[in-house]
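# Structure at a glance
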Amino acid sequence: MFIGHFGAGFAGKKFEKSASLGTYFMAAQWIDLIWPILLMLGIEKAEIKSGVTTVTPLDFTYYPFSHSLFGVIVWAMLFAMVYFIIKKNSKTAIVLALLVLSHWFLDLFVHIPDLPIFPGASIKVGFGLWNSFAATLILEGLIFVAGVFLYYKSTKTKNKIGTYSLIGLIVFLVAMYISNLVGPPPPSIEMIGIVGNAQWLIVLWGYWIDKNRE
Ligand SMILES: [Zn+2]
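Computed from a predicted model, the values in this text were never measured in an experiment. Think of each chain on its own: its residues are numbered from 1, step by step along the sequence as written. Under the rules for a predicted model, residues below a pLDDT of 70 receive no local features and side-chain atom pairs below 80 are neither given nor counted, while totals for whole chains, interfaces and linings still include all residues. The side-chain values count all of the structure's non-hydrogen atoms but skip hydrogen atoms and water molecules.

### Regarding the overall build of the protein chain
Rules: Secondary structure elements are defined from DSSP: runs of H or I of at least 4 residues count as helices, runs of E of at least 2 residues count as strands, and each element is numbered from the N terminus. With the radius of gyration taken over C-alpha atoms, the globule rule is written as 2.2 Å times the number of residues to the power 0.38. Residue burial is assigned from relative accessible area. The probe radius is 1.4 Å, only protein chains are included, and a residue is buried under 20% of its type maximum, exposed over 50%, and partly exposed in between. Only heavy atoms matter for contacts: two residues are in contact if any of them lie within 4.5 Å across the pair. Accessible areas in this description were obtained via Shrake-Rupley with a 1.4 Å probe; residue shielding takes into account the shown protein chains only. Positive residues here are Lys and Arg, negative ones are Asp and Glu, while His and the chain termini are left out of the count. Throughout, a charge is located at the NZ atom of Lys, the CZ atom of Arg, the CG atom of Asp or the CD atom of Glu.
Secondary structure summary: the protein chain contains 10 helices and 4 strands in total. What you see in the protein chain, going N to C, is helices and strands ordered as α-α-α-β-β-α-α-α-β-β-α-α-α-α. The C-alpha atoms of the protein chain give 17 Å as radius of gyration, which agrees with the globular expectation for 214 residues (17 Å, within 12%). In terms of its C-alpha atoms, the protein chain occupies a principal-axis envelope of roughly 45 × 35 × 30 Å. Burial status across the protein chain gives 49% buried among its 214 residues. Across the protein chain, every contact between residues at least 6 apart in sequence was considered, and the portion connecting residues at least 24 apart equals 69%. For the protein chain, the computed accessible surface area is about 10,500 Å², with 75% contributed by carbon and sulfur atoms. If you average the places of the 15 positive and of the 11 negative side-chain charges in the protein chain, the two averages end up 16 Å apart.

Okay, structure coming up:
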């Protein structure tokens, strides 16, 4: 899942306004932000296997630290703890923890059974919507549209940048998503790691939008 997680991040602002949109993006996408790093370090593993699902050619063979249920619970607690230590705001910390957790549960719908429950345990889950283009597009599209709508309703632009930076990001995310769906499979796992790490730029983009909206 890609834009669905950013939809969840957008929606975060509706529930608690004190954190920046960039922070909500970071939380909602956290385990996909650390996954490319673990992949490049060789700690987690994936393979490119055309046809493994209809939507993605990626076979997530080993990613217990970023994408197990136990792992994501630990990450959610750590994320909230660090935020709380810095900002002393417990309500926002809880919203951020829930956003980190939301990633795993949204992934649960689209992934084939490759999401571990616990590192080292063999049980893996996933409802496999990635086997249907239509189902993936509908679920992810709805979450994204709903998230953007909630964000738009809960914030006001301070200037022109606040409008255009938001429109720009929406167009960029949708374009990335479509090119992922219809484009050729990635050339290598290294390339996935590099592109994956570039997602930090979207987090920065979130901070930039937030600075220009209230
Ligand atoms: Zn993920």
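### Quick word on the packing of aromatic side chains
How we decide: Two rings from Phe, Tyr or Trp (for Trp, the six-membered ring) form a pair when their centres sit within 6.5 Å of each other. Planes less than 30 degrees apart are called stacked, planes more than 60 degrees apart edge-to-face, and all others tilted.
Summed over all chains, the structure comprises 16 aromatic pairs. Aromatic side chains Phe 109 and Phe 127 sit 5.4 Å apart centroid to centroid with 80 degrees between the ring planes, which places their arrangement in the edge-to-face category. With a gap of 18 residues between them, Phe 109 in helix H6 (residues 90-110) and Phe 127 in the loop between strand E4 (124-125) and helix H7 (133-154) connect regions that are remote in the sequence. For Phe 109, a relative accessible area of 37% gives the class partly exposed. In this structure Phe 127 comes out as exposed when scored by relative accessible area, which is 55%. Aromatic rings pair up to connect Phe 2, Phe 6, Phe 10, Phe 25, Phe 144 and Tyr 151 into one cluster.

### Some points on the pattern of salt bridges
Formally: The salt bridge criterion pairs a side-chain nitrogen of Lys or Arg with a carboxyl oxygen of Asp or Glu, the two atoms within 4 Å.
Going through the model one piece at a time under the given rule, you end up with 3 salt bridges. Measuring nitrogen to oxygen at the nearest pair gives 3.2 Å for the salt bridge that ties Glu 16 to Lys 91. Of this pair, Glu 16 sits in the loop between helix H1 (3-15) and helix H2 (21-28) while Lys 91 is found in helix H6, placing the two residues 75 residues apart along the sequence. Across the pair Lys 49 and Asp 59 runs a salt bridge, and its minimum N-O distance is 2.6 Å. Note that Lys 49 is positioned in the loop between strand E1 (45-48) and strand E2 (58-62) and Asp 59 in strand E2, a separation of 10 residues in sequence. Taking the relative accessible area as the measure of exposure, Asp 59 reaches 13% and is therefore buried.

### Digging into H6
Defined as follows: A helix is expected to span 1.5 Å multiplied by its residue count minus one. Polar contact is the term for a pair of N or O atoms within 3.5 Å; when the atoms are in protein, one must be able to donate a hydrogen and the other to accept it, and sequence-neighboring residues count only if both atoms are side-chain atoms.
Between its first and last C-alpha, H6 extends 31 Å over 21 residues, near the 30 Å set by a 1.5 Å rise per residue. The N-terminus of H6 is capped by Asn 89, whose side-chain oxygen sits 3.2 Å from the backbone nitrogen of Lys 91.

### As for the nonpolar core
What counts, and what does not: Within this scheme, the nonpolar core is defined by two criteria: the residues are buried Ala, Val, Leu, Ile, Met, Phe, Trp, Tyr or Cys, and they are joined through side-chain atoms within 4.5 Å.
Core analysis: the largest hydrophobic core is formed by 55 residues, its most contacted members being Phe 10, Phe 25, Trp 35 and Leu 173. Counting residues per element, this core draws most heavily on H6, which supplies 10 residues. Sequence-distant contacts of Leu 173, that is, excluding residues within four places in its chain, are made with Phe 2, Ile 3, Phe 6, Phe 144 and Ile 202.

### Here we look at the coordination of the zinc ion
We count it as follows: Metal donors were taken as nitrogen, oxygen and sulfur atoms no farther than 2.8 Å from the ion, or 3.2 Å where the ion is Na, K or Ca. Water is excluded, so coordination may look unfinished. All geometry calls rest on donor angles, where a four-donor set with angles between 85 and 135 degrees is tetrahedral, four- and six-donor sets with opposite donors more than 155 degrees apart and all others between 65 and 115 are square planar and octahedral, and all else is irregular.
Coordination sphere of the zinc ion, protein contribution only: Asp 32 (OD), His 67 (NE2), His 103 (NE2) and Asp 107 (OD), at 2.1 to 2.3 Å. Here the zinc ion binds 4 donor atoms, and the angle range of 79 to 170 degrees at the metal identifies the geometry as irregular. Spacing between the donor residues of the zinc ion along their common chain follows D-x34-H-x35-H-x3-D. Of the two residues, Asp 32 sits in helix H3 (residues 30-40) while His 103 sits in helix H6, which places them 71 residues apart along the sequence. Exposure remark for His 103: the relative accessible area of 0% places this residue in the buried category.

### Some remarks on unusual backbone geometry
One non-glycine residue, Lys 88, lies in the positive phi region at around 55 degrees. Exposure remark for Lys 88: the relative accessible area of 60% places this residue in the exposed category.

### Overview of the environment of Trp 30
Mapped onto the secondary structure, Trp 30 falls in helix H3. Judged by relative accessible area, Trp 30 falls into the buried class, the value being 16%. Through-space distance from the C-alpha of Trp 30 to that of His 103 is 7.9 Å; in sequence the pair is 73 residues apart. Among all residues touching Trp 30, those that are not within four sequence positions of it are Trp 75, Phe 79, Val 100 and Trp 200.

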